[in-house]
Amino acid sequence: MIVGRRHAVALGLTATMAARPAAAAGRVRLRLLETSDLHMYARDFDYYHDRTDPTVGLSKVASLIGIARREAANSMLFDNGDIIQGSPLGDYIARPGGLPPGAAHPFLKAMGTLGYDAATLGNHEFNFGLPFLEQSLQRTPFPFVCANLKRVGGQSFVPPTTVLTRTVHAEDGTSHRLHVGVIGFVPPQIMIWDKTKLTGHVTTDDIVEAAERFVPALRKRCDVLVALCHAGISAAPRTVGAENAALYLAKVPGIDVIFTGHSHRVFPSPDYAGLDGVDAVRGTLSGIPAVMPGYWGSHLGKIDLVLEQAGKAWKIADFKVEAQPIYRRDGATVVSLAQSDTRIEAAVATEHEGTRAWVGRPVGRISGRLTSYLALVGDNAVMDLINRAQIEYTRPLLAGTQHAGLPILSAAAPFKSGGLAPDNYTDIPAGPVALRDVADIYIFPNTLAAVRLTGAGIVEWLERSANVFLKVDPAIRTAQPLIDPKAPGYNFDTISGLTWEIDITRPNRYEGGKLVNADSHRIGDVRFEGKPIDPKREFVVVTNNYRADGGGGFPGLGGDTVILRAPDANRDALVRYFEQNKDVAVPSVPSWRFAKQPEPLLLSFETAPAAKDLLTGRPELKWTGPGSKGWDRFELTVYTNPRNL
Ligand code: MN
Ligand code: MG
């Protein structure tokens with residue numbers, strides 16, 4: 001641990017140090033630790049199922065932090081943002097009255113017990129609005145920095161940079177004052193994702209341009225320069241305003257270390273192998289050490305630097321990068337690799353119990369089991385339910401407006417459709433429905449919004465959604481992978497009120513929100529009330545603020561098509577739906593199917609093993625065996641006759 005303002009503890013040489021070869025004069029080993037995307041997972045607990053979850057939690061990663069600090073003569077700890085929103089604990093604290101005036105935010109206070117040195121803001125910090133964020137930041141036990149966020153008028157929201165002065169112990173036993181410069185970045189897209197909460201209050205700049213503006217002066221004031229980049233790693237050509245800019249940030253001269261995040265992935269890891277400028281084994285971006293520690297406390301990011309004194313300056317002579325997991329999967333079994341730190345558990349104990357009781361509040365009943373295991377291979381009741389609730393909420397709000405006569409459609413995406421982990425699905429049994437189940441169906445605190453589009457525009461929306469499917473070759477008779485692991489489920493919107501088919505033998509029309517194949521159409525036979533959709537007819541589509549304001553880069557959205565911004569969250573529309581329809585039937589509304597092919601098409605995909613329960617009466621679906629890391633493998637046959645059968 002470094003002796004700083006808050007850590008008045010001087011540690012001598014540890015046993016690990018003593019075992020090293022002869023100490024070089026003025027050589028300092030500095031361990032930099034990172035958490036990112038903690039999303040209010042304070043403990044190893046799953047509030048949706050009211051049970052312990054060994055795959056998450058600051059309390060778990062805290063014990064790894066403790067070990068990592070004890071091993072090192074000098075260490076510092078940083079967080080990379082997406083802190084105050086995520087688990088139901090976050091919603092509980094952000095609810096009206098949940099954070100009394102003058103009170104410290106419980107999660108940030110718990111982080112303070114671990115001696116964080118600095119943090120940056122993630123995009124989700126803005127989800128509950130600026131007043132809540134500012135209140136949360138009032139009494140933080142460590143500084144926040146963000147260089148590409150300003151208040152309207154030019155003042156910075158939090159300081160763009162800071163310099164932390166710490167006493168470090170060299171291998172030869174001498175002590176040195178080390179100046180560590182810290183700069184932070186948020187995705188500029190917050191101005192889209194939380195448009196109404198931020199417009200008129202703050203503005204964002206391009207990450208790389210902000211770095212070019214602030215790094216030269218910061219460099220002159222520090223020995224080591226750490227960038228906290230709440231953005232991921234993409235090798236797509238550089239564009240101004242890009243979201244996942246870490247690789248281009250690494251090219252800005254003067255930065256020594258980059259902490260990344262936001263993508264909820266792990267770096268270094270084979271996920272990033274083969275990208276230009278990326279060493280996915282050693283952990284570098286353009287030669288600069290970099291790490292990304294998963295999400296919800298799944299990993300601790302570690303960058304070990306060997307610093308050597310060259311005159312008055314310090315040079316990085318060597319480095320080692322690791323993303324250390326709190327668990328591993330042994331087949332379907334989760335093996336914990338970290339204890340849960342009881343000090344963190346104690347720090348949030350009151351709020352933890354409060355959250356459990358709060359999410360246990362009953363809101364209604366459902367007549368059957370509701371699951372998202374097969375949400376990416378056909379019609380899904382979870383999407384239908386969200387869409388029903390959204391339409392029922394919106395209809396009275398449009399009555400008497402100029403939009404009243406238009407048909408109301410509704411869009412929803414399977415937020416929990418696997419993706420990064422085989423337990424990331426919704427599975428609610430028949431019977432009473434509690435608030436925790438509604439939060440499980442709709443995990444984001446989005447607010448309800450509606451747009452007005454033509455039939456032609458809605459078809460483009462569906463084209464963008466179809467990105468979740470890989471292109472397959474109709475001539476191949478063996479099973480071909482169906483789902484693009486890089487396409488998140490939250491961008492697979494299905495639109496209730498229409499039926500359509502998706503031809504995955506054709507290439508994507510859109511990629512990353514851009515029109516890439518103007519001649520390709522995967523979406524066909526789009527029908528409204530059983531008849532081909534009129535491309536000129538106008539419709540209202542209910543969605544959320546994220547999508548309506550351009551999140552996901554959907555064509556035709558993010559402009560002036562928004563006709564309704566509801567004061568309530570989409571989740572509140574669901575709560576209201578359950579409260580008003582006492583025994584809700586599991587909906588089964590035909591929406592989409594894969595386009596029939598001249599010959600049967602065999603498609604493979606992975607989902608949770610529990611999907612085996614759902615195969616009765618679904619001859620087109622087959623379980624083919626256990627997959628890796630807790631997944632099971634399945635096959636879908638797209639037959640030559642309609643509706644996959
Ligand atoms: Mn995040
Ligand atoms: Mg983020």
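A.B. asks: Go over the pattern of salt bridges with me, naming the residues and quoting the values.
C.D. replies: Where side chains of opposite charge bring their charged atoms close, a pairing between them can arise. Tallied over the full model, the rule gives 39 salt bridges. Linking Asp 427 and Arg 369 is a salt bridge whose minimum nitrogen-to-oxygen distance equals 2.7 Å. One end of the pair, Asp 427, is in strand β24 (residues 427-428); the other, Arg 369, is in the loop between β21 (362-366) and β22 (370-371), with 58 residues separating them in the sequence. According to the relative accessible area criterion, Arg 369 is partly exposed, its value standing at 36%. Note that Arg 565 is salt-bridged to Asp 549, the shortest N-O span being 2.7 Å. Placement of Arg 565 in strand β35 (residues 562-569) and of Asp 549 in the loop between α15 (545-548) and β35 is noted, with a sequence separation of 16 residues between them. On the basis of relative accessibility, which here comes to 3%, the residue Asp 549 falls in the buried class.

A.B. asks: Residue-level account of the packing of aromatic side chains, with values.
C.D. replies: Tallying each qualifying case throughout the model produces 25 aromatic pairs. Seen in terms of ring centroids, Phe 469 and Phe 492 are 5.3 Å apart; in terms of plane orientation they differ by 80 degrees. Their pairing is edge-to-face. With Phe 469 in the loop between α14 (455-465) and β27 (480-481) and Phe 492 in the loop between β27 and β28 (494-496), this pair connects stretches of sequence that are 23 residues apart. When sorted by exposure, Phe 469 lands in the same class as Phe 492, which is buried. With a centroid separation of 5.1 Å and 85 degrees between ring planes, the pair formed by Phe 528 and Phe 539 is classed as edge-to-face. Highlighted residues: Phe 528 in strand β32 (residues 523-528) and Phe 539 in strand β34 (residues 538-544), separated in sequence by 11 residues. Each member of the aromatic cluster is reached from another via a ring pair, and the members are Trp 193, Phe 415, Tyr 442, Phe 444, Tyr 490 and Tyr 546. The residue whose ring lies beneath Lys 416 is Tyr 48, and the NZ or CZ to ring-centre distance is 4.5 Å. We note Arg 547 situated over the ring of Phe 554; from NZ or CZ to the ring centre the distance is 3.8 Å.

A.B. asks: Outline the sheet that holds β21, listing residues and values.
C.D. replies: Spatial strand order, β25-β21-β36: three strands in an open sheet with mixed pairing. The open sheet is flanked by β25 (431-434) and β36 (583-584), the only strands paired with a single partner. Pairing geometry for β21 and β36, over two bridges, is parallel. Across the sheet, the residue bridging to Ile 366 is Val 584, located in β36.

A.B. asks: Account for the side chain of Thr 55, naming residues and giving values.
C.D. replies: Residue position: Thr 55 is located in the loop between β3 (51-52) and α2 (58-71). Given the relative accessible area of 8%, Thr 55 is considered buried. A distance of 2.7 Å separates polar atoms of two side chains, one belonging to Thr 55 and the other to Asp 53. The residues touching Thr 55, leaving out its near neighbours within four places in the chain, are Ser 298, Ile 326, Tyr 327, Arg 329, Val 334 and Asp 423.

A.B. asks: Describe the coordination of the magnesium ion (ligand 2), naming the residues involved and giving the relevant values.
C.D. replies: Protein-derived ligands of the magnesium ion (ligand 2) are Asp 82 (OD), Asn 123 (OD1), His 230 (NE2) and His 262 (ND1), with the metal-ligand distances lying across 2.1 to 2.2 Å. Here the donor residues for the magnesium ion (ligand 2) map to a single chain with the spacing D-x40-N-x106-H-x31-H. Between the magnesium ion (ligand 2) and the manganese ion (ligand 1) the interatomic distance comes to 3.2 Å, and Asp 82 is a ligand of both metals. Pair noted here: Asp 82 is in the loop between β4 (75-79) and α3 (88-94) and His 230 is in the loop between β11 (224-229) and α9 (246-249), with a separation of 148 residues, a long-range link. By relative accessible area, Asp 82 is classed as buried at 1%. In this structure His 230 comes out as buried when scored by relative accessible area, which is 0%.

A.B. asks: Mind laying out the domain arrangement of the chain, listing which residues take part and the relevant values?
C.D. replies: By a frequent convention, interface size equals the accessible area lost on bringing the separate parts together. Per the domain assignment, the segments making up the chain are domain 1 (26-353) and domain 2 (362-638). Taken together, the contacts link 23 residues of domain 1 with 25 residues of domain 2. Interface area, domain 1 with domain 2, both sides summed: about 1,900 Å², of which 51% is carbon and sulfur. Per-residue buried area on domain 1 facing domain 2 is highest for Tyr 48, Trp 193 and Arg 329; these three make up 31% of the total on that side.

A.B. asks: Give me the sheet that holds strand β1 (residues 27-35): which residues, what numbers.
C.D. replies: The strands making up a sheet associate through backbone hydrogen bonding, with each pair oriented either parallel or antiparallel. One open sheet accounts for six strands, arranged β6-β5-β4-β1-β17-β18; its pairing is mixed. Each of the sheet's edge strands pairs with one partner strand only, and the pair in question is β6 (144-145) and β18 (313-325). As defined by bridge partners, β4 adjoins strand β5 (residues 118-120) across two bridges and the pair is classed as parallel. Paired with Asp 79 across the two strands is Ala 119, which belongs to β5.

A.B. asks: Quick one: what's the story with the environment of Gly 200, residue by residue and with numbers?
C.D. replies: Along the chain, Gly 200 turns up in the loop between α7 (195-198) and β10 (202-204). Separated by 49 residues in sequence, Gly 200 and Arg 151 place their C-alpha atoms 8.6 Å apart.

Calculation criteria
- Residues numbered from 1 in each chain as written.
- Chains lettered and ligands numbered in written order.
- Predicted model: local features only at pLDDT ≥ 70, side-chain atom pairs only at ≥ 80, totals over all residues.
- Heavy atoms only, no water.
- Salt bridge = Lys/Arg side-chain N within 4 Å of Asp/Glu carboxyl O.
- Helix = DSSP H or I, 4+ residues; strand = E, 2+ residues; numbered from the N terminus.
- Buried < 20%, exposed > 50% of the residue type's maximum accessible area, 1.4 Å probe, protein only.
- Phe/Tyr/Trp six-rings, centres within 6.5 Å; stacked < 30°, edge-to-face > 60°.
- Lys NZ or Arg CZ within 6 Å of the ring centre and 35° of its normal.
- Pairing = 2+ DSSP bridges.
- Polar contact = N/O pair within 3.5 Å; in protein donor to acceptor, adjacent residues only side chain to side chain.
- Contact = heavy atoms within 4.5 Å.
- Donors = N, O, S within 2.8 Å, 3.2 Å for Na, K, Ca; no water.
- Domains from an automatic or database assignment.
- Buried area = accessible area lost by both parts, 1.4 Å probe.

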